[in-house]
Amino acid sequence: MKTTLPEVLAPAGSLEKLKVAVLYGANAVYAGGQKFGLRTAADNFTLDELREGMDFAHARGSKVYVVLNSFLHDKDLAELPDFVRFLEEIGADAVIVSDLGVVRTVRALSKIPVHVSTQASTLNVEAAKFWKSMGATRIVLGREVSIKDAGIIRREADIEIEMFIHGSMCMAYSGNCVISNFTQGRDSNRGGCAHSCRFEYTLEDLATKEKKSAFFMSSKDLQGLRLLKDFIDAGIDSLKIEGRMKSHLYAGTMSKVYSEALRYYEEHGDFLSDDLLNWEKELSKVSHRSYTEASLENPAGAESIFNERENNSAAEWKMVGTVLKSSPESGIVIEVRNAFNQGDELEILPFRGSPVTVVAHEIMDLTRKTILRTKPTTIVRLPYHAGINSSQLVRQKSV
Amino acid sequence: MKLTGFAENLHELSLLKENGTEEVILGMRAFSRFGRLDENTFFPMVKRARELGLRIIFEWDILMTEESFKKTVADISPFLDVADAVRVQDPGAYHWAIQQTKKPLQFVAENGNHNIEALLGWCHAGAGRIERIILSIELSRDSILDYCQKLPVPAELLGLGRILLFYSPRSLLSPLNPERETVNEDIHALGESEESPHKGFPVLENRHGTFMFHIKEFCLLDYASDLKSLGLSFLRIDQRFNERNFFPEAAKTANREKMFESFREEYPQELMRGFYHVNKSDVLFPKLKNMRLQNRSGDYLGEVLEAEKGSHLAILVKNLRGIRVGDKFRIVHPKGALFEGEIHSLKDVNMTEQTFIPHDDLAIIPFINGVWVKSQVFLSTTNE
Ligand code: SF4
């Protein structure tokens with residue numbers, strides 16, 4: 001019997017990132033409109049962009065789930081029906097919801113499948129059964145659930161299961177942190193989290209009176225690449241990558257690595273490949289905190305705490321731009337995000353396969369004047385190189 | 001409106017009784033986030049509560065992953081059996097208790113549930129077994145009034161007690177003192193954040209994880225009669241973290257037998273009323289967004305990717321229609337300045353003159369003084 005592989009579900013913080021994720025292999029993406037989702041500061045999608053993103057993804061066989069995962073207040077909920085009707089009209093494949101009022105509203109107004117967000121902290125079989133009885137078709141489990149338990153929940157509650165495999169993590173049970181609400185007046189469960197868990201705290205032990213400073217409530221980033229086989233064996237339906245606020249390079253790299261790894265498994269029935277090391281290397285090339293497998297195998301322990309200041313995040317490689325066009329006439333036209341110099345070695349990330357190394361022997365501006373150094377927010381041309389396509393990402397090793 | 005509260009010893013049971021409550025919430029270490037009773041102390045408390053005629057509410061408010069859920073339900077029956085009602089927060093506990101017990105349920109809807117549709121959902125799904133809903137302390141007075149009128153069951157709200165800010169299953173304090181023997185031992189600390197002007201956030205690690213609380217306690221005792229007029233049925237006074245139990249003083253203050261000002265003076269913690277007057281915790285959101293990103297709709301055409309002074313603007317065409325010679329446009333600078341014009345000259349990425357540039361291609365037009373990269377371009381009138 002052929003094993004059913006989980007889908008790779010990537011973040012789409014904007015229309016451009018949606019396209020990047022789909023082109024790099026994501027089977028599904030999740031995106032937010034201007035309201036109702038948790039990433040208030042993300043670009044998010046206008047209605048036109050949602051429609052375009054939906055068409056773009058569907059044309060390439062990928063799905064789009066729309067996040068409605070804020071804990072909505074009555075006035076927010078009153079605005080929801082029009083948006084739900086719109087989502088149904090444009091063919092949204094599911095909505096991701098954490099509030100029972102939103103579940104009931106969506107169910108009353110549409111036939112859009114409802115996925116229960118991780119924000120609802122669904123952790124056990126009985127909770128999954130509850131949400132199923134409310135009409136949910138999929139549960140995005142809390143990050144505290146192990147793969148083994150997730151398999152049990154899937155079997156016993158008989159419902160699709162989605163698990164996070166990669167990205168930043170709340171240290172709290174999702175939806176159970178209101179630090180920003182009470183200290184900054186920003187509702188973290190409506191997208192206003194101020195990331196207070198990433199701050200350094202001085203802690204005085206009341207028994208010993210000893211004082212220590214630590215980033216004691218900051219979590220390392222999740223990375224579950226080596227556990228892919230366990231996810232598959234447990235029958236997990238969807239592997240989610242966190243990060244709608246993260247870069248194009250992140251959306252592309254994650255989609256590419258996890259989809260390539262699963263394709264490898266589909267062909268070979270195992271992950272016993274040198275590629276495993278390459279995939280891991282690729283994951284380390286994007287900006288991240290130290291990685292942990294958190295609770296995927298055993299409950300997360302002390303080693304899962306990221307006791308460092310935020311900007312110490314590792315970023316071995318930086319994104320220098322995106323290919324806007326590539327043809328013999330135009331050359332490789334790049335929208336530059338980070339400057340590079342003539343003679344620099346760049347890597348262009350194809351949608352499938354190994355990165356293509358290109359040395360910037362000759363750089364021209366848009367008017368074909370030769371330049372020695374690029375500037376951010378400009379457009380430049382490199383000589384044509386077969387196999388490079390528009391929307392591909394260009395990166396360079398950080399010095 | 002009735003008062004309710006917790007008891008951790010026989011003396012506290014008497015305090016509740018003497019101050020007019022008809023019930024007690026009992027929390028055990030194994031099932032309650034902050035409960036301290038164990039099987040040796042729980043049953044004597046039950047016996048005494050019965051003698052005093054207090055109704056027993058069993059608190060089961062921990063969140064549980066599957067393994068811990070299974071263990072919990074295997075152990076819970078002897079304690080649940082002697083209770084008059086059970087108070088749950090994990091939707092799994094809620095579902096299990098409906099299916100597997102006959103006890104009336106009190107649902108803790110303190111986490112989110114800021115709309116009536118959600119609260120009605122919890123009541124309806126409870127198949128007539130929900131006897132009380134515990135409301136979020138983030139609700140404003142107007143919402144409380146609305147909910148008390150619309151809910152089919154009585155509602156409860158915290159009247160005095162700690163504000164839980166953060167609940168993590170991970171042990172976050174013990175790693176700071178690896179030499180300390182912490183098995184089943186509570187660790188209490190005070191946290192001071194580098195970023196916040198507030199000092200002294202109480203932090204607790206226990207067998208269920210790590211909890212952080214606000215430096216001030218939540219207090220609506222001065223609004224007790226107002227809450228009563230709104231239709232609130234129960235006001236909870238939580239004294240589990242104070243060395244001295246202020247239940248009697250709090251009860252008197254709620255009943256207007258004691259001035260709120262003098263209560264506040266003698267109470268050991270600073271007090272706040274949270275969002276009672278108004279909840280504006282979304283008011284800052286528009287400021288968090290980049291203005292450039294908020295206004296792309298309707299006649300949106302695209303974004304300026306390059307502005308080469310004296311030469312050209314390169315616009316990435318993002319609308320599906322494309323751009324034509326003769327189109328009138330307006331450009332909104334990232335800082336808001338407006339530029340208007342008409343397309344007379346249009347080039348493609350190869351700098352070749354064109355009359356039309358399609359979706360997703362670069363359109364090159366002559367430079368306009370003052371326009372920067374990231375300016376947004378809109379069509380004013382189209383040349384169809
Ligand atoms: S402060 Fe940290 S734990 Fe709290 S909601 Fe934000 S990311 Fe999550």
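Model, not experiment: these values are computed from the prediction.

Undergrad: What's the story with the packing of aromatic side chains in this structure? I'm lost.
TA: Any two aromatic rings considered together are summarised by their centre-to-centre distance and by the angle between their planes. Under the counting rule described, the total for this entry stands at 32 aromatic pairs over all chains. Arranged with centres 5.1 Å apart and planes meeting at 55°, the rings of Phe213(B) and Phe241(B) form a pair that is tilted. One end of the pair, Phe213(B), is in strand 10 (residues 209-219); the other, Phe241(B), is in the loop between strand 11 (234-237) and helix 8 (247-254), and 28 residues separate them in sequence. Each of the two residues, Phe213(B) as well as Phe241(B), counts as buried. Ring geometry for Tyr223(B) against Tyr276(B): centres 5.0 Å apart, planes inclined by 55°, an arrangement best described as tilted. Here Tyr276(B) lies in the loop between strand 12 (271-272) and helix 10 (285-288) and Tyr223(B) lies in the loop between strand 10 and helix 7 (224-230), a separation of 53 residues in the sequence. Look at Tyr276(B) and you get buried, because its relative accessible area is 1%. We note Lys240(A) situated over the ring of Tyr30(A); from NZ or CZ to the ring centre the distance is 4.4 Å. Across from the ring centre of Phe246(B), 4.1 Å away, lies the NZ or CZ of Arg244(B), which sits over that ring.

Undergrad: Whenever I open this one, the sheet that holds strand 15 (residues 345-349) of chain A confuses me. Can you help?
TA: Within a sheet, each strand pairs with its neighbour through backbone hydrogen bonds, oriented either parallel or antiparallel. Residue and element names in this part refer to chain A. Reading across the sheet, the eight strands line up as 16-15-20-13-14-19-17-18 and stay open at both edges, with antiparallel pairing between neighbours. Edge positions in the open sheet fall to strand 16 (356-359) and strand 18 (370-371), since each of these has one partner strand only. Pairing between strand 15 and strand 16: four bridges, direction antiparallel. The residue of strand 16 that forms the bridge with Ile348 is Val356.

Undergrad: Help me understand the interface of chain A and chain B, please; the structure alone is not making it clear to me.
TA: Interface size is often expressed as the accessible area that is lost when the parts come together. Opposite the 93 residues of chain A that make contact, chain B presents 93 residues. The interface formed by chain A and chain B holds six salt bridges in total. Across the salt bridge formed by Glu194(B) and Arg309(A), the nearest N and O atoms sit 3.1 Å from each other. Counting the contacts that link chain A with chain B gives 37 residue pairs in polar contact (both at pLDDT 80 or more). Here the side of chain A that touches chain B gets six residues from one element, more than from any other, and that element is helix 6 (residues 125-133) of chain A. Looking at the side of chain A that touches chain B, its residues break down into 39 nonpolar, 24 polar and 30 charged. With five bridges joining them, strand 8 (residues 201-205) of chain A and strand 8 (residues 187-193) of chain B adopt antiparallel strand pairing. In the sheet register, Asp205(A) faces strand 8 of chain B, and the bridge partner there is Ala189(B).

Undergrad: What am I meant to see in helix 7 (residues 147-157) of chain A here?
TA: Along an α-helix, residues three or four apart share an orientation, since each turn contains 3.6 residues. Residues of helix 7 of chain A that are buried: Ile147(A), Asp149(A), Ala150(A), Gly151(A), Ile152(A), Ile153(A) and Ala157(A). Contacts from the buried residues of helix 7 of chain A go to helix 6, strand 7 (160-167) and helix 9 (228-234) of chain A together with helix 3 (66-81) of chain B. Asp158(A), located one to two residues past helix 7 of chain A, shows a positive phi value of around 55°.

Undergrad: What is the right way to look at empty space enclosed by the protein in this model?
TA: Counted by the stated rule, this structure contains eight cavities of 30 Å³ or more. In this model, the largest cavity occupies a volume close to 490 Å³. Lining the largest cavity are 30 residues, and of these Arg33(B), Glu110(B), Arg162(B), Leu164(B) and Arg236(B) sit closest to its centre. Per element, the largest residue contribution to the lining of the largest cavity is seven residues, and it comes from strand 7 (residues 155-168) of chain B. Residue classes in the lining of the largest cavity are distributed as 16 nonpolar, four polar and ten charged. Empty space within the second largest cavity amounts to approximately 240 Å³. Along the wall of the second largest cavity there are 19 residues; nearest its centre are Ala120(A), Pro91(B), Asn111(B), Asn113(B) and Trp122(B). In terms of residue class, the lining of the second largest cavity is built from nine nonpolar, nine polar and one charged.

Undergrad: Can you help me understand the side chain of Lys17(A) in this one?
TA: All names here are of chain A. Structurally, Lys17 is set in helix 1 (residues 15-23). Classification of Lys17 as buried rests on a relative accessible area of 9%. Those residues within four positions of Lys17 in sequence are excluded, and the remaining contacts are Ala12, Arg244, Met245, Lys246, Ser247, His248 and Ala251.

Undergrad: Would you explain the domain arrangement of chain A in this entry?
TA: Residue and element names in this part refer to chain A. Looking at the assigned domains, one finds that chain A contains domain 1 (7-178 + 219-304) and domain 2 (316-397). In this structure, domain 1 and domain 2 have C-alpha centres spaced 31 Å apart. The interface is formed by 13 residues belonging to domain 1 together with 16 residues belonging to domain 2. For the domain 1 and domain 2 pair, buried surface summed over both sides reaches about 1,400 Å², with 55% attributable to carbon and sulfur atoms. Interface area lost by domain 1 to domain 2 is led by Tyr24, Leu249 and Lys285, which between them contribute 45%. Applying the counting criterion to the domain 1 and domain 2 interface returns two salt bridges. In this assembly, domain 1 and domain 2 are joined by eight residue pairs in polar contact (both at pLDDT 80 or more). In the side of domain 1 that touches domain 2, the residues fall into four nonpolar, four polar and five charged.

Undergrad: Looking at this structure, I do not really get the environment of Glu110(B). What am I missing?
TA: All names here are of chain B. When you line up the elements, Glu110 lands in the loop between strand 5 (105-108) and helix 5 (116-125). Between the C-alpha atom of Glu110 and that of His312, which follows or precedes it by 202 residues, the distance is 57 Å. The contact partners of Glu110, leaving out residues within four places of it in the chain, are Ile134, Leu135, Ser136 and Arg236. Within polar-contact distance, the side chain of Glu110 engages the side chain of Arg236 at 2.8 Å.

Undergrad: Where do I start with the site of the ligand in this structure?
TA: Neighbouring the ligand are Cys170(A), Met171(A), Ala172(A), Cys177(A), Cys193(A), His195(A), Ser196(A), Cys197(A) and Phe166(B). Nearby residues around the ligand are contributed by chains A and B. Among the residues making up the shell around the ligand, the classes are represented as seven nonpolar, two polar and no charged.

Undergrad: How should I be thinking about helix 4 (residues 91-100) of chain B in this particular structure?
TA: Burial analysis of helix 4 of chain B places eight of its ten residues in the buried class, the great majority of the element. Taken together, the buried positions of helix 4 of chain B are Pro91(B), Gly92(B), Ala93(B), Tyr94(B), His95(B), Trp96(B), Ala97(B) and Ile98(B).

Undergrad: Would you take a moment to explain the pattern of salt bridges for this structure?
TA: For side chains bearing opposite charge, pairing can occur when the charged atoms are close. Residue and element names in this part refer to chain B. The full count for this structure, using the stated rule, is 55 salt bridges over all chains. Between Glu156 and Arg132 there is a salt bridge; the shortest N-O distance is 2.7 Å. Separated by 24 residues along the polypeptide, Glu156 in strand 7 and Arg132 in strand 6 (residues 130-134) bring together distant segments of the chain. For Arg132, a relative accessible area of 2% corresponds to the buried category. The partner of Arg264 in a salt bridge is Glu261, with the nearest N and O atoms 3.0 Å apart. Of this pair, Arg264 and Glu261 both sit in helix 9 (residues 260-266), separated by three residues, roughly a single helical turn. Given the relative accessible area of 40%, Glu261 is considered partly exposed. Connected through salt bridges with shared partners, the residues Glu23, Arg87, Glu110, Arg132, Glu156 and Arg236 form a single ionic network.

Definitions and cut-offs
Residues numbered from 1 in each chain as written. Chains lettered and ligands numbered in written order. Predicted model: local features only at pLDDT ≥ 70, side-chain atom pairs only at ≥ 80, totals over all residues. Heavy atoms only, no water. Phe/Tyr/Trp six-rings, centres within 6.5 Å; stacked < 30°, edge-to-face > 60°. Helix = DSSP H or I, 4+ residues; strand = E, 2+ residues; numbered from the N terminus. Buried < 20%, exposed > 50% of the residue type's maximum accessible area, 1.4 Å probe, protein only. Lys NZ or Arg CZ within 6 Å of the ring centre and 35° of its normal. Pairing = 2+ DSSP bridges. Contact = heavy atoms within 4.5 Å. Salt bridge = Lys/Arg side-chain N within 4 Å of Asp/Glu carboxyl O. Polar contact = N/O pair within 3.5 Å; in protein donor to acceptor, adjacent residues only side chain to side chain. Nonpolar A, V, L, I, M, F, W, Y, C, P; charged D, E, K, R; others polar. 1 Å grid on protein atoms, 1.4 Å probe; cavity = no way out; pocket = protein on both sides within 12 Å on 5 of 7 lines; lining within 4 Å. Points joined across faces, edges and corners; volume = space filled by probe spheres on them. Domains from an automatic or database assignment. Buried area = accessible area lost by both parts, 1.4 Å probe. Near = heavy atom within 4 Å.

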